[in-house]
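Structure assessment
Here is what each chain is made of, one letter per residue.
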Amino acid sequence: MPHPKTAEDMIKCAGPIECNLLPRLLHVTEAAAIAASYQMGRGDKNYSDQVSVEAMRRTLNDLDMKGVIKIGEGERDEAPMLFIGEEVGTGKGDLEVDIAVDPLEGTNLAADGTPGAISVMAMAERDGLFHGPDIYMDKIVVGSEVVKYEKEHPDEMIDLDAPVIKNLEIVAKALNRTVDELVVVILDRKRHEKKIKEIRSTGARVNVISDGDLMPGVATAIRGSGIHMVLGSGGSGEAVLTAAAIKILGGKILARLVLPTVANGGTPEEIAKEKEEKMPRLAKMGITEDNINDVLDTERLAPGKDIIFSATGVTTGFLLKGVSLFGDGDARANSLTMGSSGVVKFTDTIYIHDKERTPLRFV
Ligand code: VTB
Ligand code: MG
Ligand code: MG
């Protein structure tokens, strides 16, 4: 790759969404995270979620765009909203925007004041993000070195259905490590008992987390994060948000939709009931019994060319610090905001509430 000729070339944005909405997207996730942080540790996950959703919606609705929520948590009548299909923004201007959202990723973490809660959103041009239901996806996430390695060794590709050892051997070679030097993140769920044993049997180390498989996925594409792979089934919205981020960073995700009753080993009756309930709704999104088992790659999950992503920490976790409230109403928020051009911003924002009373803090 030739070097950019000028600094202007280097900082050129990828398209109208990145040019116009990247700084605004940061405000959206900051608002949601700060709202959640007021409720941190108060033990009420639904209320924490609700205040994040409301802060996010208010901030989003100030943006001049025609936005549609393509994947998130819940659909109309189900969740405390920002439901799939909801239209947001002022409707002014030419920007037609697809949105993937998780206003509070890790509601339990926020409610308990434990590490890893974030507020997160991605945007792209129309049809730039996967439109799908809020169910699970079985996932495997790796960083950009693995993508490079696969290009050089087309017969050694990461595979969602391959034994864990096969995939870890590829990652190890790509990273110039041994398998026992790798760290795999997986959600602590009964449905993952077998997989966790399988990972351990390879010699790799396992980071078993109670919630929040999105940022660890992003972290696989950031050297020095200490995370080399994410495995297991978690939220489908989280998978799409991971895809948006990891596409910007150059990593890779493979994922497959899976109904919660199937993933959690429900009885045949429970599975049949969930199918009866959900399949008609899924069909409206183009998902049928014929294609529900397709493996979706980064490109399918986040086909956009003008993608932006922002995550703000609520409680300190992978990559991000949590919101600090300083008294006097000041708040400090740490975010990761990125765009398709390859811009990656780690920001540390302080909002001064009362200039007369509050000196800015240096640390
Ligand atoms: C998943 C995971 C999320 O919640 O959605 C999980 O992707 C819920 O899984 O990161 P269960 O239904 O097994 O509890 C999170 O951990 C947090 O939103
Ligand atoms: Mg979530
Ligand atoms: Mg959430």
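Residues numbered from 1 in each chain as written. Chains lettered and ligands numbered in written order. Predicted model: local features only at pLDDT ≥ 70, side-chain atom pairs only at ≥ 80, totals over all residues. Heavy atoms only, no water.

1. Focus: the coordination of the magnesium ion (ligand 3)
Only E73 (OE), E73 (OE), D102 (OD) and L104 (O) from the protein coordinate the magnesium ion (ligand 3), and they sit 2.1 to 2.8 Å from it. The sequence pattern describing where the donors of the magnesium ion (ligand 3) fall on their chain is E-x28-D-x1-L. In this structure the magnesium ion (ligand 2) is found 3.4 Å away from the magnesium ion (ligand 3), and D102 serves as a bridging donor for the pair. Classification of L104 by relative accessible area gives buried; the value is 1%. (Donors = N, O, S within 2.8 Å, 3.2 Å for Na, K, Ca; no water. Buried < 20%, exposed > 50% of the residue type's maximum accessible area, 1.4 Å probe, protein only.)

2. Focus on the state of the cysteines
A covalent bond bridging the sulfur atoms of two cysteines is what the word disulfide describes. Per the stated rule, a full pass over the model turns up one disulfide. What pairs with C13 in a disulfide is C19, and their sulfur atoms sit 1.8 Å apart. Because the torsion about its S-S bond is 85 degrees, the bridge between C13 and C19 counts as right-handed. Residue C19 is classed as partly exposed on the basis of its relative accessible area, which comes to 41%. (Disulfide = S-S within 2.5 Å.)

3. Some words on the packing of helix α5 (residues 144–152) against helix α6 (residues 164–175)
Closest axis-to-axis distance for the α5/α6 pair is 8 Å, and the angle between their directions is 95 degrees. It follows that α5 is roughly perpendicular to α6 by the angle criterion. Of the residues in α6, those touching α5 at E145, V146 and Y149 are I170, V171, K173, A174 and L175. Tallied by class, residues from the contact of α5 with α6 come to six nonpolar, no polar and two charged. (Axes fitted to C-alpha atoms, helices over the stretch in contact; angles between N-to-C directions. Helix = DSSP H or I, 4+ residues; strand = E, 2+ residues; numbered from the N terminus. Parallel < 35°, antiparallel > 145°, perpendicular 65-115°, else oblique. Contact = heavy atoms within 4.5 Å. Nonpolar A, V, L, I, M, F, W, Y, C, P; charged D, E, K, R; others polar.)

4. Considerations on the site of ligand 1
Around ligand 1 sit 13 residues, and of these E105, Y136, D211, D213 and G235 come closest. Measuring from an oxygen atom of ligand 1, one finds a side-chain N or O atom of R191 at 2.8 Å. At a separation of 3.5 Å, an oxygen atom of ligand 1 approaches a polar side-chain atom of E238. For ligand 1, the protein covers 77% of the area, taking 420 Å² as the surface of the free molecule. Of the residues contributing to the shell around ligand 1, the split by class is two nonpolar, four polar and seven charged. (Near = heavy atom within 4 Å. Polar contact = N/O pair within 3.5 Å; in protein donor to acceptor, adjacent residues only side chain to side chain. Areas by Shrake-Rupley, 256 points an atom, 1.4 Å probe, with all protein chains shown as cover.)

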